[in-house]
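Here are the chains, one letter per residue:
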Amino acid sequence: MISFAQDDPDKLAILQRHDHFRHWNSLDDTRLCLLCEKNFSGHEVLVSHERSDYELHCPTAGCYSHVHQWVYPSDPLINEKVYADWWEALGDSLDKRAQPI
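Residues numbered from 1 in each chain as written. Predicted model: local features only at pLDDT ≥ 70, side-chain atom pairs only at ≥ 80, totals over all residues. Heavy atoms only, no water.

Chemist: What's the story with the overall build of the protein in this structure? I'm lost.
Modeler: From N to C terminus, the protein includes two helices and five strands. The order of α-helices and β-strands along the protein, N terminus first, is α-β-β-β-β-β-α. Looking at the protein residue by residue over its 101 residues, the buried ones come to 34%. Total accessible area on the protein stands at roughly 6,500 Å², and carbon and sulfur atoms take up 49% of it. (Helix = DSSP H or I, 4+ residues; strand = E, 2+ residues; numbered from the N terminus. Buried < 20%, exposed > 50% of the residue type's maximum accessible area, 1.4 Å probe, protein only. Areas by Shrake-Rupley, 256 points an atom, 1.4 Å probe, with all protein chains shown as cover.)

Spelled out as structure tokens, the structure:
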């Protein structure tokens, strides 16, 4: 696991390059993890260096989500049907997924 200083510009560049789902303007930007239901900032994102590339991980201990499972805190999950369809699209089984927020 690679550690970055809290305001390291390289960390912001890595977030911007490797999060293909949402834009990061600064390390102060926050996301909500759909698996563990925790909010966190870019400062807290864990960055690992795997196979000559970077991977981003939720900072919550025991949570194994990645960027595709993080949303803007202001994004509502419209209803349980949409939420279930979203998980089905990811290919996750019912017993592995978190409950709607």
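Next comes the rest of the write-up.
Chemist: Would you mind showing me how to read the sheet that holds strand β5 (residues 70–71) here?
Modeler: Strand pairing in a sheet relies on backbone hydrogen bonds, with the paired strands running either antiparallel or parallel. In spatial order, the strands read β2-β1-β5; together these three strands make up an open sheet with antiparallel pairing. Two strands bound the open sheet, and with one partner strand each, they are β2 (39–41) and β5. Looking at chain direction, strand β1 (residues 30–33) and β5 are connected through two bridges and run antiparallel. Residue pairing across strands places L32 opposite V71, the latter belonging to β5. (Pairing = 2+ DSSP bridges.)

Chemist: Any chance you could explain the packing of aromatic side chains here in plain terms?
Modeler: How two aromatic rings sit relative to each other is set out by the distance from centre to centre and by the angle between their planes. Taken as a whole and assessed by the stated rule, the structure comprises one aromatic pair. Measuring from ring centre to ring centre gives 4.9 Å for F40 and W70, while their planes differ by 80 degrees; the resulting arrangement is edge-to-face. Placement of the pair is F40 in strand β2 and W70 in strand β5, with a sequence separation of 30 residues. According to the relative accessible area criterion, W70 is buried, its value standing at 0%. Over the ring of W24 we find R31; its NZ or CZ atom is 3.8 Å from the centre of that ring. (Phe/Tyr/Trp six-rings, centres within 6.5 Å; stacked < 30°, edge-to-face > 60°. Lys NZ or Arg CZ within 6 Å of the ring centre and 35° of its normal.)

Chemist: Looking at this structure, I do not really get the nonpolar core. What am I missing?
Modeler: Buried together is how nonpolar side chains tend to be arranged in soluble globular proteins. Core analysis: the largest hydrophobic core is formed by 14 residues, its most contacted members being V45, L56 and W70. Ranked by the residues each element gives to this core, the list is headed by helix α1 (residues 9–18), at three residues. Residue contacts for W70: discarding those within four places in its chain leaves R22, W24, R31, L32, C33, F40, V45, L56, H57, C58 and S65. (Core = buried A, V, L, I, M, F, W, Y, C linked by side-chain atoms within 4.5 Å. Contact = heavy atoms within 4.5 Å.)

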